[in-house]
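Analysis of the macromolecular model
Spelled out, the chains give:
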Amino acid sequence: MSEYKIALIRGDGIGPEIVNEAVKVMETAGDKFGHQFSFVDVLMGGCATDAVGVSYPAGTAETCKSCDAVLLGAVGGPKWGSDKPAEQRPETALLAIRKDLGLFTNLRPAAMRKGMADASPLKKETAEQGFDIMMVRELTGGIYFGKRNRYETEDRGIEASDLMTYSELEIERIGRKAFELARLRRNKVTSVDKANVLACSRLWREVMHRLAEEYSDVEYEDMLVDNCAMQIVRNPGQFDVVVTENMFGDILSDEASQVTGSIGLLPSASLGASAPGLYEPIHGSAPDIAGQNKANPIATILSVAMMFRYSFGLSAEAQAIEDAVDKVLADGWHTADIAGSDEQLVGTDKMGELICKAI
Ligand code: NAD
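Anyway, here's the lowdown on the structure attached to this text. (Residues numbered from 1 in each chain as written. Predicted model: local features only at pLDDT ≥ 70, side-chain atom pairs only at ≥ 80, totals over all residues. Heavy atoms only, no water.)

Things to note about the site of the ligand
- Close contacts around the ligand come from 19 residues, with G77, E91, G284, A286 and N296 the closest.
- A distance of 3.1 Å separates a nitrogen atom of the ligand from a polar side-chain atom of H283.
- Here the ligand has 810 Å² of accessible area as a free molecule, and 67% of this is covered by the chains.
- The residue inventory of the shell around the ligand, partitioned by class, reads nine nonpolar, six polar and four charged. (Near = heavy atom within 4 Å. Polar contact = N/O pair within 3.5 Å; in protein donor to acceptor, adjacent residues only side chain to side chain. Areas by Shrake-Rupley, 256 points an atom, 1.4 Å probe, with all protein chains shown as cover. Nonpolar A, V, L, I, M, F, W, Y, C, P; charged D, E, K, R; others polar.)

Examining the sheet that holds strand β3 (residues 69-74)
- Pairing within the open sheet is mixed, and its ten strands lie in the order β2-β1-β3-β12-β11-β4-β5-β10-β8-β9. Each of the sheet's edge strands pairs with one partner strand only, and the pair in question is β2 (35-41) and β9 (219-224). Mean inter-strand twist for the sheet, computed between neighbouring axes without regard to direction, equals 25°.
- Bridging between strand β4 (residues 105-111) and strand β5 (residues 132-138) involves seven bridges; their strand directions are antiparallel. Residue pairing in the sheet places R108 in a bridge with M135 of β5.
- Of the strands in this sheet, β4, β5, β8 (188-193) and β10 (241-244) touch helix α9 (residues 246-258), which is tilted by about 155° from β5. (Pairing = 2+ DSSP bridges. Helix = DSSP H or I, 4+ residues; strand = E, 2+ residues; numbered from the N terminus. Axes fitted to C-alpha atoms, helices over the stretch in contact; angles between N-to-C directions. Contact = heavy atoms within 4.5 Å.)

Quick notes on the side chain of T260
- Note that T260 resides in the loop between α9 and β11 (267-271).
- Among the polar contacts listed, one links the side chain of T260 to the backbone oxygen of S257, at a separation of 2.6 Å.
- Contact partners of T260, with chain neighbours within four places excluded, come to A110, A111, M112, M116, S120, F131 and L266.

Quick look at helix α10 (residues 298-310)
- Between its terminal C-alpha atoms α10 stretches 18 Å, which fits the 18 Å expected from 13 residues at 1.5 Å a residue.
- Of all 13 residues making up α10, 13 are buried, and the element is well covered by its neighbours. (Expected span 1.5 Å × (residues − 1). Buried < 20%, exposed > 50% of the residue type's maximum accessible area, 1.4 Å probe, protein only.)

Description of the nonpolar core
- The biggest cluster of nonpolar side chains holds 82 residues, and the ones touching the most others in it are L71, L107, Y279, F308, F312 and I355.
- Considering each element in turn, this core owes the most residues, nine residues, to α10.
- Leave out the neighbours within four places in its chain, and L107 touches M134, M135, V136, L181, P267, S268, A269, L271, M306 and Y310. (Core = buried A, V, L, I, M, F, W, Y, C linked by side-chain atoms within 4.5 Å.)

Now the structure itself:
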């Protein structure tokens, strides 16, 4: 029997409710496939500010590093807004944990789940064809981490600048992740850049081409970011793995997630060079529905499937969770965020139970 230790950051708002359902799913999959999971609760976010005065208490990263993977519900809420000092704001904790765990790869799958085509804003025939994109975003480099400047000029008023920098090392390590992932999927990598304008993108492309030769079994293409933004709405089915730098990835992964129809269905993974990876739904803490048993737990449950696949190498177990989610949705069980008029409406806990049963 394999044993895995998982750090649980339940967080704020709907975080505790959705993490509860994810824990049930892990235990059910563990019983079925013969694995044991133990859980360590980690205090982080607004709840940590309330309990100990800071959102990222000392020792948080060390506790997470002692585990095999981290599952995060969501952190944040109006109670700990921008008027509070940085150390009390939940967003500070999020950036800190990603940095402390060295999580340079962000994976955001955007898949049209069976039976969800009606919820998509895409043309009906495009949505019905289905798609399954894995967005791979570089997470710790580029313009978001470059030098910023703001100064007065003599004749143009105030001027500001943000420096975008990428090294071969940073590009190569994210590129490798993309090619390795493609081998586990449909064997195609689309690398997105703006090489017709940016020096960083030209270096990005050079490094990606070197990797494409090395991974010659994987189909490879370059795509300019403006074209990619169009293709995601025109023909998302053409993509398998899409790899790109930090800012382009931020924008394109939000676009790709929206065309699937619901924010409550989408998981994510952030990975570094070594364990533990951090898994979380892409949505926030949804304070407007917290504590009402209305939150959709599926994004968190699918984050567990990603954890099984990418941190533990448990592909069959991951597939069993994803198939169970598809079955429950196809049977017409929906939480309020994805419900139409004639479906069976269920709460957070019932949705979790139905998925466990389907596993
Ligand atoms: P949000 O994602 O929390 O909510 C946006 C809308 O989507 C709301 O109407 C909410 O009810 C709905 N929604 C979100 N998740 C849902 C789910 N699982 N089921 C059903 N409906 C769902 O975004 P927001 O309102 O902009 O942010 C709220 C708080 O979350 C803020 O403090 C923000 O900073 C924080 N946040 C945290 C994370 C994170 O922890 N990684 C990410 C994004 C936002």
